[in-house]
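# Coordinate analysis (summary)
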Amino acid sequence: MSADDDARRLQTANPTGWFEDLYAEAEAGKASVPWDQPHPQPHLVEWASGTDGAGRRALVVGCGYGRDAEFLASLGYDVVAFDISPTGIATVRARYPESKVEYVVADLLDPPAEWHHAFDLVVENMTVQALPVDLHARAIERVAWLTGSTLLVLAVARDEGPAPDGPPWPLTPSEIEAFACDGLTARSIRRDHPRWVAEFVR
Ligand SMILES: C[S@@+](CC[C@H](N)C(=O)[O-])C[C@H]1O[C@@H](n2cnc3c(N)ncnc32)[C@H](O)[C@@H]1O
């Protein structure tokens, strides 16, 4: 069974709590996590080329195993990274015991009040697309709510039309454009097939 099959099997059994199930099964050696990659997202690396994060706060949404968070910390950012899965967060802390990143269990749909517009940079890489389509609008609005000045959205793209069988549920053009809310405007939206690379600024 592939890692994608493991994700779909657990999502069907537990539509909202399957992330924790997946991380727990992975810890027990019973499943593979499709996004467990040893390198940061290449589009993030490209976007951040030449960036000095010193003195800036970054937030990584749905951080998984911390690949993007650790990369941003290496650029000098003061990084907070959160995920809804307690086992996922415990695992990433164990993977990087010396990390400067603050790893936190939190829910994108109900984030801590003090995070409102609190981060110079927010990176959202494939979290909204991991949620069922009926939660996308709320999740997108929350990502904008977290952003102080710059938001980078990386996601798999699809055309408008009926929702596919997920997970994942890739983002449509209108969903990507919807991140331009709560005072954010789109600086660039690029479809690098099959992915969105979109930057928004306040
Ligand atoms: C497709 S994975 C991507 C992980 C990571 N961004 C990466 O690219 O490696 C989606 C992640 O979002 C997390 N997640 C799902 N729903 C969430 C929510 N409501 N709040 C915070 N994290 C969530 C999952 O646990 C999972 O780690």
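These numbers come from a predicted model, not from an experiment. (Residues numbered from 1 in each chain as written. Predicted model: local features only at pLDDT ≥ 70, side-chain atom pairs only at ≥ 80, totals over all residues. Heavy atoms only, no water.)

## Describing helix α6 (residues 136-146)
A large share of α6 lies buried, amounting to 8 of its 11 residues. Among the residues making up α6, those that are buried are His136, Ala139, Ile140, Arg142, Val143, Ala144, Trp145 and Leu146. Where α6 is buried, its residues contact β1 (57-61), β2 (78-83), β4 (119-125), β5 (147-156) and α7 (173-177). (Buried < 20%, exposed > 50% of the residue type's maximum accessible area, 1.4 Å probe, protein only. Helix = DSSP H or I, 4+ residues; strand = E, 2+ residues; numbered from the N terminus. Contact = heavy atoms within 4.5 Å.)

## Topic: the packing of helix α2 (residues 18-27) against helix α5 (residues 86-95)
Look at α2 against α5: their axes get within 7 Å of each other, and the N-to-C directions meet at 45°. With respect to each other, α2 and α5 are oriented oblique. Within the contact between the two elements, α2 uses Glu20, Tyr23, Ala24 and Glu27 and α5 uses Pro86, Thr87, Gly88 and Thr91. Across the contact of α2 with α5, the residue classes tally to 3 nonpolar, 3 polar and 2 charged. (Axes fitted to C-alpha atoms, helices over the stretch in contact; angles between N-to-C directions. Parallel < 35°, antiparallel > 145°, perpendicular 65-115°, else oblique. Nonpolar A, V, L, I, M, F, W, Y, C, P; charged D, E, K, R; others polar.)

## Observations concerning α5
Restricting attention to buried positions, one finds in α5 the residues Thr87, Gly88, Ile89, Thr91 and Val92. On the buried face of α5, the contacting elements are α2, β2 and β3 (102-105).

## Some thoughts on the pattern of salt bridges
Counted according to the given criterion, the structure contains 9 salt bridges. Across the pair arginine 142 and glutamate 141 runs a salt bridge, and its minimum N-O distance is 3.0 Å. According to the relative accessible area criterion, arginine 142 is buried, its value standing at 19%. (Salt bridge = Lys/Arg side-chain N within 4 Å of Asp/Glu carboxyl O.)

## Some remarks on the UniProt feature "domain: Methyltransferase" (unreviewed entry) in the chain
UniProt tags residues 59-144 as "domain: Methyltransferase" (unreviewed entry). Across residues 59-144 one finds 31% helix and 23% strand; the C-alpha atoms that close the span lie 12 Å apart. (UniProt positions renumbered as here; feature names shortened; annotations may be inferred.)

## A short note on the site of the ligand
Taken together, the neighbourhood of the ligand is formed by 18 residues, with Tyr23, Asp83, Asp107, Leu108 and Asn125 sitting nearest. Contacts to the ligand include glycine 62, whose backbone N or O atom sits 2.8 Å from a nitrogen atom. Here the ligand has 600 Å² of accessible area as a free molecule, and 97% of this is covered by the chains. The set of elements that each furnish at least two residues to the shell around the ligand consists of α2 and β2. Residues that form the shell around the ligand fall into these classes: 11 nonpolar, 4 polar and 3 charged. (Near = heavy atom within 4 Å. Polar contact = N/O pair within 3.5 Å; in protein donor to acceptor, adjacent residues only side chain to side chain. Areas by Shrake-Rupley, 256 points an atom, 1.4 Å probe, with all protein chains shown as cover.)

## Observations regarding the environment of leucine 10
Within the fold, leucine 10 resides in helix α1 (residues 3-13). When the C-alpha atoms of leucine 10 and arginine 190 are compared, they prove to be 32 Å apart, with 180 residues separating the residues in sequence. Not counting residues within four places of it along the chain, the set of residues in contact with leucine 10 comprises Trp18, Asp21, Leu22 and Glu25.

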